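# An overview of the molecular structure
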Amino acid sequence: QVHLVESGGGLVQAGGSLRLSCAASGSIGSINVMGWYRQAPGGQRELVAVTISGGSTTYADSVKGRFSISRDNAKNTVYLQMNSLKPEDTAVYYCNVGGFQATRPGPFDSWGQGTQVTVSS
């Protein structure tokens, strides 16, 4: 089992910055993909940014140029640096990590508990 712990959410004024962190622990053999999703009130969960092994990254159009995803493989941690935040970025942000387990064959696909990001105008 792979467990994710998120941190870094909070309340910020429009134009401000926040940095989210997500640390994975447990039976990790390898990690293939690490990403961030968000869900606004009344909305569906949507992709924000994802990074796969090898360094390729993908961003939602709405955050391109403002958000940056990075990972520390030694720490099994993924970060989301969010700059120039807008009120429409307000949502619960979820971390997602996928890979293969260490102690038994098979993949894992784990989600964090979510962290609230609120951007005031």
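Above this text sits the structure in question.
In this text, all values refer to a predicted model and were calculated from it rather than measured experimentally.

### A short note on the nonpolar core
Counting residues in each nonpolar core, the largest one holds 28 residues, and the members touching the most others are Trp 36, Val 48, Phe 67, Leu 80, Met 82 and Tyr 93. Each residue touching Phe 67, except ones within four places of it in the same chain, is listed here: Arg 38, Val 48, Tyr 59, Leu 80, Gln 81, Met 82, Asn 83, Leu 85, Asp 89 and Tyr 93.

### Thoughts on the side chain of Arg 66
Within the secondary structure layout, Arg 66 lies in the loop between strand E6 (57-59) and strand E7 (67-72). One polar contact links the side chain of Arg 66 to the main-chain carbonyl oxygen of Ser 84, over a distance of 2.9 Å. Excluding residues within four positions of it along the chain, Arg 66 makes contact with Gln 81, Met 82, Asn 83, Ser 84, Leu 85, Lys 86 and Asp 89.

### Regarding the sheet that holds strand E8 (residues 77-82)
Overall, antiparallel pairing links the four strands, which are arranged E1-E3-E8-E7 in an open sheet. Edge strands, defined here as strands with exactly one partner in the open sheet, are strand E1 (2-7) and E7. Strand-to-strand twist in this sheet, taken as the mean axis angle between neighbours without regard to direction, amounts to 15°.

### With respect to the state of the cysteines
Considering all chains together, one arrives at one disulfide under this definition. With its sulfur 2.1 Å from that of its partner, Cys 22 forms a disulfide with Cys 95. Residues Cys 22 and Cys 95 are joined by a disulfide whose S-S torsion is about -80°; by sign, that bridge is left-handed. With Cys 22 in strand E3 (residues 18-26) and Cys 95 in strand E9 (residues 91-101), this residue pair connects regions lying 73 residues apart in the sequence. Comparing Cys 22 with Cys 95, the two get one shared label, buried.

What counts, and where the lines are drawn
- Along each chain, the written sequence defines residue order, and numbers are assigned to residues from 1.
- The model is predicted, so local features are restricted to residues of pLDDT at least 70 and side-chain atom pairs to those at 80 or more, both for listing and for counting; the totals for chains, interfaces and linings are taken over all residues.
- Working from all heavy atoms in the structure, the side-chain values ignore hydrogens and water.
- The term nonpolar core refers to a set of buried residues drawn from Ala, Val, Leu, Ile, Met, Phe, Trp, Tyr and Cys, joined through side-chain atoms within 4.5 Å.
- Remark: exposure states derive from per-residue accessible area (1.4 Å probe, protein chains only) relative to the maximum for the residue type, with buried under 20%, exposed over 50%, and partly exposed in between.
- Whether two residues touch is decided by their heavy atoms; if any such pair falls within 4.5 Å, the residues are in contact.
- Strands are runs of DSSP state E lasting at least two residues, helices are runs of H or I lasting at least four, and both sets are numbered from the N terminus onward.
- Two N or O atoms count as a polar contact when they lie within 3.5 Å, although within protein this holds only if one can serve as hydrogen donor and the other as acceptor, and sequence-adjacent residues are included solely when both atoms are side-chain atoms.
- For two strands to pair, DSSP has to find at least two bridges joining them.
- For helices, the fitted axis covers only the stretch in contact; all axes are lines through C-alpha atoms, and the angles between them, taken along N-to-C directions, range from 0 to 180 degrees.
- Put simply, a disulfide is two cysteine sulfurs that come within 2.5 Å.

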